[in-house]
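# Examination of the molecular architecture
Chain by chain, the residues run as shown.
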Protein chains: 2
Amino acid sequence: MSVLVVGSVAYDGIEAPTGKVDRTLGGSATYISLASRYFANPVRLVGTVGYDFEESDKKLFRDKGIDLEGFKVDEDGKTFFWQGRYHENMNSRDTLDTQLNVFEHFDPVIPEVYRGSRIVCLGNIDPSLQLKVLDQVRQPKLTICDTMNFWISGAREALEETISRVDVLIINDEEAREITGESNLVKCAKMIRKKGVKYLIIKKGEHGAHLYSDQEVFAAPAYPMSQITDPTGAGDTFMGGFAGWLSFSDRINEENLRRAVVYGSVMASFCVEKFGADRLRELTRFDIDRRYDAFRKLSVIPPRI
Amino acid sequence: MSVLVVGSVAYDGIEAPTGKVDRTLGGSATYISLASRYFANPVRLVGTVGYDFEESDKKLFRDKGIDLEGFKVDEDGKTFFWQGRYHENMNSRDTLDTQLNVFEHFDPVIPEVYRGSRIVCLGNIDPSLQLKVLDQVRQPKLTICDTMNFWISGAREALEETISRVDVLIINDEEAREITGESNLVKCAKMIRKKGVKYLIIKKGEHGAHLYSDQEVFAAPAYPMSQITDPTGAGDTFMGGFAGWLSFSDRINEENLRRAVVYGSVMASFCVEKFGADRLRELTRFDIDRRYDAFRKLSVIPPRI
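Now for a description of the structure that goes with this document. Bear in mind the structure is a predicted one, so any value in this text is a computation, not a measurement. Numbering of residues starts from 1 in each chain and follows the order in which that chain's sequence is written. Just so you know, chain letters begin at A and ligand numbers begin at 1, following the order they were written in. Confidence filtering applies because this is a predicted model: local features only for residues at pLDDT of at least 70, side-chain atom pairs given and counted only at 80 or more, and all residues used for totals across whole chains, interfaces and linings. Derived side-chain values reflect all non-hydrogen atoms in the structure, with water molecules and hydrogen atoms excluded from consideration.

### Regarding the interface of chain B and chain A
Note the threshold: Contact criterion: two residues are considered in contact whenever any of their non-hydrogen atoms come within 4.5 Å of each other. Buried area adds together the accessible area that both of two parts lose upon being put together, with accessible area traced by a 1.4 Å probe. Salt bridges are counted wherever a side-chain nitrogen of Lys or Arg sits within 4 Å of a carboxyl oxygen of Asp or Glu. A 3.5 Å cut-off defines polar contacts: any pair of N or O atoms within that distance qualifies, except that in protein one atom must be a possible hydrogen donor and the other a possible acceptor, and neighbouring residues in sequence count only when both atoms are side-chain atoms.
The interface of chain B with chain A comprises 40 residues on the first partner and 40 residues on the second. Summed over both sides, the interface of chain B with chain A buries roughly 3,700 Å², with 54% coming from carbon and sulfur. Sorting the residues of chain B by area buried against chain A places Ile301, Arg304 and Ile305 of chain B first, and these three jointly supply 19% of that buried surface. The interface formed by chain B and chain A includes eight salt bridges. The interface formed by chain B and chain A includes 24 residue pairs in polar contact (both at pLDDT 80 or more).

Okay, structure coming up:
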């Protein structure tokens, strides 16, 4: 199934206890596209960058076979730039600089040929833009949406509408608590699913992820990592793996959704091994499947005797 | 296999957002014995209580078939009393009152007939007392130990010796970080296992538990609970389910250890449904096995396709 990705394409400056990069390719659409492309074809990227966008980065997308018909270079400004510093435990970070640049006027126009895409990934952007995308696509099989605390507090109404219109919402535990004002995650999930999403995924970082649906709860473990180099983009990469694998599987059912959550976790576990999206440039399907098997082994509960 | 349980028997006063009890049967040895007795026979309890210990509570142990040869009533004082109040999110609590009473002079003397017990559970007591127990038992098949921050900071040397002499250490994530001074749990686990424990279980509350051994890591999920009535004793109950099931299985291998971690989690998930140890009085093996199956269903990762 075709995958449409709408989100930011950016340059990131990242400081972490593990090192520092001044300017590396980032943005939600970048991570989602690169991760999903390991499974899906075509992957269609809608995003906007400025005149300073490197030819080598555009070449990366092309080399990976990502469709760039919806990719716009705006010569009037520079590419979205974000700079942040992670704390010692890697669980929190400070934003040091945000320059929206051309992204400030990002208006996602979906090319005609993209509008029939079967899976739609709405990266973490203003929910009113996410709604604009939903208005343009034609009966996708699955719509998937991410968001963040900034929109939960600052664009609540549009966000509620988005949540009521998408099939899958992917958020982290903190965001789930912020949306509902409830601390118990099981109650949070119930409250959020009442808003209209069919499937809710709550990511819990080093504690794995939960998938809530009508029928059941699925608890996916996290991969035990002794070293995280850079957590940037892990959430977007999760969405990419999740959507990409569902596209590859070609059937959306409970079993495949579980597999998709694990493939999302697998891709995220790779992502954090290097700075920015570097690890997503070099993986093989063999690496990915091997780690999928490691996730399975990690969580097998033998039957009763 | 026979199970020897050494720990505290106490009365607890518990306040939580869900209610309040002034005085309910508690203590690590109580929870461990009651939970393990669903699987194991004999279960032998070594503990001490005061003149105020209720006949009805002693009757409970007897009715459950718990061996009380090592259970001492000290007529010179009252039973250990603890009072605490849980915060809104149930993840933390304040101690309001601690009266050690007869427990202050607890000196675990293991009756001759208990010394050959195959599984030894060292509840959360002074590590120098845990060592005293280890000195008295004769080549048990498995020794299991719990501890807490109080001993990590206050009785470090004895605790290190205990850790080096037991087979299984069961602690929570906070304690693992405190023992090692390291925030990454995978690194913590490596450091603690180097101290001599064969199997390390790190409990993560609502995020499940990890079992670390030579061969592998096992990630057990937590049961998704929308309501926790009272978390008191959940950790002790985990140990009871873990030890009890291993006793029942009669073979200590990787598969059975995984099952034991899940049975421990099952018993703990029941424990928190009512105040104190009340839920542990009324369960059936059918309830327990049904929840075991629910844990399995929760975490099944389908094979790749």
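Following the structure, the description resumes.
### Considering the sheet that holds strand 7 (residues 80–86) of chain B
All names here are of chain B. Selection criterion: At least two DSSP bridges between two strands are required for those strands to pair. The numbering of helices and of strands both runs from the N terminus, where a helix is a DSSP run of H or I of at least 4 residues and a strand a run of E of at least 2. Axis angles are defined between N-to-C directions and span 0 to 180 degrees, where every axis is a line fitted to C-alpha atoms and, for a helix, only to the segment in contact.
Strand order across the open sheet formed by four strands is 3-2-7-8, with mixed pairing between neighbours. Pairing within the sheet leaves two strands with one partner each, and these edge strands are strand 3 (19–26) and strand 8 (93–99). The sheet shows a mean angle of 15° between the axes of neighbouring strands, taken without regard to direction.

### Comments concerning the relation of the copies chain B and chain A
The operation relating the pair of chain copies consists of a rotation about an axis and a translation along that axis. Definition in use: Residues below a pLDDT of 70 in either copy are left out; the C-alpha atoms of the rest, at least 70 in both, set the least-squares superposition of the copies.
Overlaying chain B with chain A gives an RMSD of 0.0 Å, the required rotation being 180° about an axis along which the chain moves by 0.0 Å. Each copy turns onto its partner about a two-fold axis. Of the C-alpha atoms belonging to chain B, the one lying closest to the rotation axis is found on His207 of chain B, 3.0 Å away. A shared binding surface is used by both copies, with 100% of the interface residues of chain B retained as interface residues in chain A.

### Let's talk about the packing of helix 8 (residues 234–249) of chain B against helix 9 (residues 254–271) of chain B
The description of two packed helices rests on the angle between their axes and on the distance between the axes. Residues and elements named next belong to chain B. How we decide: An angle below 35 degrees is read as roughly parallel, one above 145 as roughly antiparallel, one from 65 to 115 as roughly perpendicular, and any other as oblique. A clockwise turn of the near helix away from the far one marks a right-handed crossing, whereas an anticlockwise turn of less than a right angle marks a left-handed crossing. When residue character is reported, Ala, Val, Leu, Ile, Met, Phe, Trp, Tyr, Cys and Pro are called nonpolar, Asp, Glu, Lys and Arg charged, and the others, Gly included, polar.
The contact between helix 8 and helix 9 brings their axes to 7 Å, and the two run at 140°. When the axes of helix 8 and helix 9 are compared, the pair comes out oblique. Crossing hand, helix 8 versus helix 9: right-handed. Residues Ala234, Thr237, Phe238, Gly241, Phe242, Trp245, Leu246 and Ser249 of helix 8 lie in contact with helix 9, whose contacting residues are Asn256, Leu257, Arg259, Ala260, Val261, Tyr263, Gly264, Ser265, Met267, Ala268 and Cys271. The residue makeup of the contact of helix 8 with helix 9, split by class, is twelve nonpolar, six polar and one charged.

### What to know about the state of the cysteines
All names here are of chain A. For clarity, the cut-off: By disulfide we mean two sulfur atoms from cysteines, separated by a distance within 2.5 Å. Think of it in three bands: residues with accessible area under 20% of the maximum for their type are buried, residues over 50% are exposed, and the middle band is partly exposed, with areas taken using a 1.4 Å probe on protein chains only.
For the structure shown, the criterion picks out zero disulfides over all chains. With no disulfide of its own, Cys271 has Cys121 as its nearest cysteine by sulfur position, at a separation of 15 Å. Accessibility expressed as a relative area gives 0% for Cys271, which makes it buried.

### With respect to the pairing of strand 11 (residues 168–172) of chain B
All names here are of chain B. For strand 11, a buried count of four out of five residues is recorded, marking the element as mostly surrounded by other parts of the structure. Here strand 10 (residues 142–146) pairs with strand 11 via three bridges, running parallel. Paired with Asp146 across the bridge in strand 11 is Ile170. Inspection of the sheet shows strand 11 paired to strand 12 (residues 199–203) by five bridges, in the parallel sense. Residue pairing across strands places Asn172 opposite Lys203, the latter belonging to strand 12.

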